[in-house]
Amino acid sequence: MAAETLCLVDGSSYLFRAFHALPPLTNAQGEPTGALYGVANMLRRMMREEKPTHVAIIFDAPGKTFRSDMYPDYKATRPPMPDELRVQIEPLKKLVEAEGYPLLCVPDVEADDVIATLARAASRRGLRTVVSTSDKDLAQLVDDHVELVNTMTDTRMDADGVKNKFGVWPNQIIDYLTLVGDTVDNVPGVNKVGPKTAAKWLDQYGDLDAIMADAESFKGKIGEYLREALGHLPLSRQLVTVKDDVELDLTIDDLDMRPADPEKLADYYERWGFKTWRRELAETSDDVAPVEEAPPPEKDYELVLDEDRFADWVAQLEKADVIAFDTETDSTDPNRAVMCGLSFAVEAGKAAYVPFGHVYPGAPKQLDRDFVLDRLKPILEDPAKTIVGQHFKYDLIMLQRLGIDVPGFRFDTMLESYVLDSTAGRHDMDSLAGRILERETIHYEDVAGKGAKQITFPEVGLEEATPYAAEDADVTLQLHAKLWPQLADQEGPRAVFESIEMPLAPVLARVEQTGVLVNAERLAKLSNEFATRMAALEQEAHEAAGQPFNIGSPRQLGEILFEKLEIPVIRKTPKGAPSTAEDVLQELAREHELPRIIMDYRALSKLKSTYTDKLPEQINPATGRIHTSYHQAVAATGRLSSTDPNLQNIPIRNDEGRRIRRAFVAPDGFRIVAADYSQIELRIMAHLSGDDGLREAFREGKDIHAATAAEVFGGTPDTVDPDDRRKAKAINFGLIYGMSAFGLSKQLEVERKEAQAYIDLYFSRYPGVKQYMEETREKARAQGYVETVFGRRLYLPEIKSRNFQRRQGAERAAINAPMQGTAADIIKRAMLDVDAWIRNGREQDVRMTMQVHDELVFEIAEAKVEACSAAIAGIMQGAADLSVPLVVEADSGENWDQAH
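Treat the numbers as computed from the prediction; the structure is a model and nothing was measured.

Parameters and conventions
- Residues numbered from 1 in each chain as written.
- Predicted model: local features only at pLDDT ≥ 70, side-chain atom pairs only at ≥ 80, totals over all residues.
- Heavy atoms only, no water.
- Helix = DSSP H or I, 4+ residues; strand = E, 2+ residues; numbered from the N terminus.
- Rg over C-alpha atoms; globule rule 2.2 N^0.38 Å.
- Buried < 20%, exposed > 50% of the residue type's maximum accessible area, 1.4 Å probe, protein only.
- Contact = heavy atoms within 4.5 Å.
- Areas by Shrake-Rupley, 256 points an atom, 1.4 Å probe, with all protein chains shown as cover.
- Lys, Arg positive; Asp, Glu negative; His and termini not counted.
- Charge placed at Lys NZ, Arg CZ, Asp CG, Glu CD.
- Pairing = 2+ DSSP bridges.
- Axes fitted to C-alpha atoms, helices over the stretch in contact; angles between N-to-C directions.
- Patch = residues over 30% accessible without salt bridge, like charges linked within 9 Å, V, L, I, M, F, W, Y side chains within 5 Å.
- Salt bridge = Lys/Arg side-chain N within 4 Å of Asp/Glu carboxyl O.
- Disulfide = S-S within 2.5 Å.
- Polar contact = N/O pair within 3.5 Å; in protein donor to acceptor, adjacent residues only side chain to side chain.
- Core = buried A, V, L, I, M, F, W, Y, C linked by side-chain atoms within 4.5 Å.

Peer 1: Can you lay out the overall build of the chain for me, pointing to particular residues and giving the numbers?
Peer 2: On a plain count of helices and strands, the chain comes out with 35 helices and 22 strands. Its C-alpha radius of gyration of 32 Å places the chain within 12% of the 29 Å reference for a compact globule of 900 residues. Each principal axis of the C-alpha atoms in the chain carries an extent, and together these give about 90 × 80 × 55 Å. Each of the 900 residues in the chain was classed as buried or not, and the buried ones make up 51%. Of the contacts formed within the chain by residues at least 6 apart in sequence, a portion of 67% connects residues at least 24 apart. Of the roughly 41500 Å² of accessible surface on the chain, a fraction of 48% belongs to carbon and sulfur atoms. Looking at charge distribution, the chain has the averaged site of its 106 positive side-chain charges lying 3 Å from that of its 150 negative ones.

Peer 1: Which residues make up the sheet that holds strand S9 (residues 339–347), and what values do they have?
Peer 2: Taken in spatial order, the 6 strands make up an open sheet running S7-S10-S9-S8-S11-S12, and their pairing is mixed. Both outer strands of the open sheet, strand S7 (300–303) and strand S12 (409–412), are each paired with one neighbouring strand and no more. Averaged over all pairs of adjacent strands, the angle between their axes in this sheet comes to 25°, without regard to strand direction. Taken together, the 3 bridges between strand S8 (residues 322–329) and strand S11 (residues 386–389) define a ladder with parallel strand orientation. When the bridges of S11 are listed, Ala324 appears paired with Val388. Here helix H15 (residues 369–380) sits on the sheet and contacts S8, S9, strand S10 (350–355) and S11; the angle it forms with S9, its principal contact strand, is near 45°.

Peer 1: Summarise helix H27 (residues 680–689); cite the residues concerned and give the values.
Peer 2: It helps to recall that an α-helix has 3.6 residues per turn; residues three or four apart then point in one direction. In terms of residue burial, H27 counts as a mostly covered element, since 8 of its 10 residues are buried. Those residues of H27 that fall on the buried side of the exposure criterion are Ile680, Glu681, Leu682, Arg683, Ile684, Met685, Ala686 and Ser689. If you follow the buried residues of H27, they end up packed against strand S17 (670–677), helix H28 (692–699), helix H29 (704–713), helix H30 (722–736), helix H33 (767–783) and helix H34 (804–840). Two residues or fewer after H27 comes Gly690, characterised by a positive phi angle close to 70°.

Peer 1: Which residues make up a negative patch on the surface, and what values do they have?
Peer 2: Together, Glu4, Asp249, Asp254 and Asp256 give the surface a local cluster of negative charge. Take Glu4: it is sitting in the segment before strand S1 (5–10). Given a relative accessible area of 33%, Glu4 falls into the partly exposed group.

Peer 1: If you had to explain the state of the cysteines to someone new, which residues and values would you point to?
Peer 2: On inspection of all chains with the given rule, the structure shows 0 disulfides. Free cysteine: Cys7, not disulfide-bonded; nearest cysteine sulfur from Cys105 at 17 Å.

Peer 1: Run through the pattern of salt bridges, naming residues and quoting values.
Peer 2: Across all of its chains, the model carries 61 salt bridges by this definition. The closest approach of N and O atoms between Asp897 and Arg662, which form a salt bridge, is 3.0 Å. Residue Asp897 is found in the segment after strand S22 (888–893), and its partner Arg662 is found in the loop between helix H26 (655–661) and S17; the two are separated by 235 residues along the sequence. Assessed through its relative accessible area of 15%, Asp897 is described here as buried. Lys727 is the partner of Asp723 in a salt bridge, and the nearest nitrogen-oxygen pair spans 3.5 Å. You can see Asp723 and its partner Lys727 sitting in helix H30, 4 residues apart, about one turn around the helix. Exposure remark for Lys727: the relative accessible area of 12% places this residue in the buried category. When salt bridges that share partners are traced, they join Glu50, Arg128, Glu147 and Arg156 into one network.

Peer 1: Requested: an account of the sheet that holds strand S5 (residues 146–150), with residues and values cited.
Peer 2: Taken in spatial order, the 6 strands make up an open sheet running S3-S2-S1-S4-S5-S6, and their pairing is mixed. Looking along the sheet, the strands with just one partner apiece sit at the ends: strand S3 (103–104) and strand S6 (155–157). In this structure, strand S2 (residues 54–58) lies alongside S3, joined through 2 bridges in parallel fashion. Across the sheet, residue Ile57 finds its bridge partner in S3, namely Leu103. This element, helix H2 (residues 34–50), spans S1, S2, strand S4 (128–132), S5 and S6 of the sheet and lies at about 160° to S1.

Peer 1: Which residues make up the pairing of S2, and what values do they have?
Peer 2: Across the 5 residues that make up S2, a large majority, 5, are buried. Covered by surrounding structure in S2 are His54, Ala56 and Ile58 together with Val55 and Ile57, the residues of both alternating faces. Direction of pairing for S1 relative to S2: parallel, over a ladder of 5 bridges. Looking at the pairing, Leu8 lines up with Ala56 of S2.

Peer 1: Let's hear about the side chain of Asp10: which residues, and what values?
Peer 2: If you trace the backbone, Asp10 turns up in strand S1. A distance of 3.0 Å separates the side chain of Asp10 from the side chain of Thr133, its partner in a polar contact. Sequence-distant contacts of Asp10, defined by excluding residues within four places in its chain, comprise Ile58, Ala111, Asp112, Ile115, Ser132, Thr133, Asp135 and Leu138.

Peer 1: Please set out the nonpolar core residue by residue, giving values where relevant.
Peer 2: The biggest cluster of nonpolar side chains holds 110 residues, and the ones touching the most others in it are Phe664, Tyr677, Ile826 and Phe858. It is H34 that contributes the most residues to this core, 10 residues altogether. Core analysis: the next-biggest nonpolar cluster, separate from the first, contains 56 residues, Leu104, Val142, Ile211 and Ile252 among them.

Following this line, the structure appears as structure tokens:
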């Protein structure tokens, strides 16, 4: 490193990057802090890594610049700065100055111009200069003394780096930018000339002047575009050229790092909620008072290795009213894992770990597993005991596999947090401990290592394992002490917790343990078929492209679509590359063959890798079945999700998905029965809105889409044509999900005005729906949340956002969440009722095997299919008392697909 280093930070660039890269962070007062934190964190990191002797943070000054005088449309298409970002600018500047960084805002020019002026001056002095930015325009400054660093992406560019990234050298960047243009700043380039073409031309001609001089020799459409651009290219070149002679009232020598003001910093850190930095400052500065914090609770964690100490703990457990309990195993799959120990706590700060399966060289003698479980079984099976866990469904499966049931399992801190506020963040123990107890926990990686060197928990030494395992029980107990009083005070959420979520956990544990049977040979055959079809599609794609390319590479696909085939770019990625995302390809496929082929290839590839290849590997050798994991605390609206495998995403509307479902089979003597709620969310909309027209249609058993088509387009439900019914179906479901006229126009492939006319006509026929939507938005704005029929709440922190897109998203969620959440509650209530029916009647011939969206799947003995199917449908229909009937369609077959 050179003796002196100047670091120039493009504050304006990082302000926007930090704002869009980080989630919408707020302080305790609800004020936005994401950009403030992101930029401040970047500056701390920059100082730590670069250790500059001179530094300046440069921001754009408010108002127009000389470029606006040259070209009034310069940056005219930029959207206004979001209010959430605007309010963070002045606090950030004050924070920067309190840190001791020289800060520059020069009127009439941009931050880039100030940076260029200082960088050129530093180069003349032979000073090493680091420009910290994410702005590609500043690549023109790179020379032997200047390099670019993007702290947010950990990339740096010298001259070779510029050449590798852009395909041109730094002294060609201005011409490169001129040819490509800049849609963000509204600088016109050459139509259809992208980065590859610009780099190719500059490599061939050397500079823009030579290209312009030879414009007549360029053939085809691209030549026409170049000649059309000749009139504005000189102006564009001026606009993208940074000004390196700005008059400044300081020199580089004035940019020494200044002493920070610790007292101001402490105030700012306190004000904006940067607690960790505030603590660090108190530890390093005598001028800052220590943070007043409650003393951490004492930790009394005991390793139990002998029978006497274990007996003492058993006596404590027998006397305790509330016990926090946790198991330790060798796997995250509870249906395959082997237990190696367990922990418990009965008072805050005091817990024990009882190992019985740790195996490593020099491991001490441990108690016998059966001895431990035999003595704990009466306590765990005592219904008078209250057992608390964190994600206890896992522990429940582990214990049930060993013949222990836990009727006193009444509280799960994960579910307490989730029901209180599903949108507050993650609900795992480490996250909850940090958010609620302000406590940093021991992470699994801290004791077991990371990556390829990670060991299993039975291999962890007991000195490390004990504080980790005992802490799990201790923290769970403390979380419950904080969460339950909050939940108990809220009637609706408490009812959801006590009558739906908590009793559902044991039901899900039983469903997971039952598992589902799959035909591995059928899946292997499907994999081979998919591979053959994928190879054929790849060949089709190469023919459509006119050349071979890597079909799995978004970059190469983008080059083919948008450069070679000159298809207009619809959207760009955050890094500025043309997007080849699924929705983009779907739109392009309406007019172009290659995007359709790519979509078909991707769909098959996903099904092959996710299901036909992977499902056979997930068969449990002990049971011969697949055992998914259901997650209660993931989806904000209350929907269950599943992983390993994800059963929710197997398509039902295409042949490939249905063929995968055919591999889910019934065992000998049984049939698969699928019981599915019919149009449940539309029925909930009819109930919630109270609209007479919708209610009447459902009460009379009409085809709701045909009925809507008749209302909107005229005629009777019996006479509407299929196209009108399709449009009505799109409207029915679209409005539930808050679809705008723009979204509906894209789905129906009609003009926006026509889509809006359909929506207006719909609301005129179903006025109760419109009134419900308006009232729901208002209620959400007033109270900050919406509720399901059963009291589940969805908080909407963005409902009053000044950012239109965020606010609009929150309003859509406000309308949809009561319906989707109520549907989730209903099927959960149905699972509880069906499980009770199975267990109370000791129906050994009925097994609940899957829950997928609005559907429950069973294995039922062949002789009982008809009677049990009817009973299950009746139970599911009675899971809620709505103003319109719930309808359940149940069918059976040898496999899952036939049961539909």
